[in-house]
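A closer look at the structure
Chain by chain, the residues:
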Amino acid sequence: MAIRIGVQADSREECVEGLALLVERGFVPIMLPCQVAGDRWMARAVPSPQLQPAPVPE
């Protein structure tokens, strides 16, 4: 399972701020802010390897 966190905003500036908050908490950007669906902005991040849970041994 791949975890992805998305930021959706009304402006590029808001989207950048939201993505920065995720990065401060250890997430890694995988999609920088881009304009989608007219005037909406979106960015995505994933947990850094240090934040991901260790695999459960079988």
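In the block above lies the structure referred to throughout.
What counts and how
Residues numbered from 1 in each chain as written. Predicted model: local features only at pLDDT ≥ 70, side-chain atom pairs only at ≥ 80, totals over all residues. Heavy atoms only, no water. Helix = DSSP H or I, 4+ residues; strand = E, 2+ residues; numbered from the N terminus. Expected span 1.5 Å × (residues − 1). Buried < 20%, exposed > 50% of the residue type's maximum accessible area, 1.4 Å probe, protein only. Arc of directions from axis to C-beta. Contact = heavy atoms within 4.5 Å.

1. Looking at helix α1 (residues 12-24)
- In this model, α1 (13 residues) spans 18 Å end to end at C-alpha, consistent with the 18 Å of a helix rising 1.5 Å per residue.
- Burial in α1 covers these residues: C15, G18, L19 and L22. The arc enclosing the buried residues of α1, seen along the axis, measures out at 95°, which places them on a common side. Exposed residues on α1 whose side chains face more than 90 degrees from its buried face are E13, E17 and E24.
- Contacts made by the buried residues of α1 are with β1 (5-9), β2 (27-36) and β3 (40-47).
- Looking one or two residues past α1, G26 carries a phi angle of roughly 100°, positive in sign.

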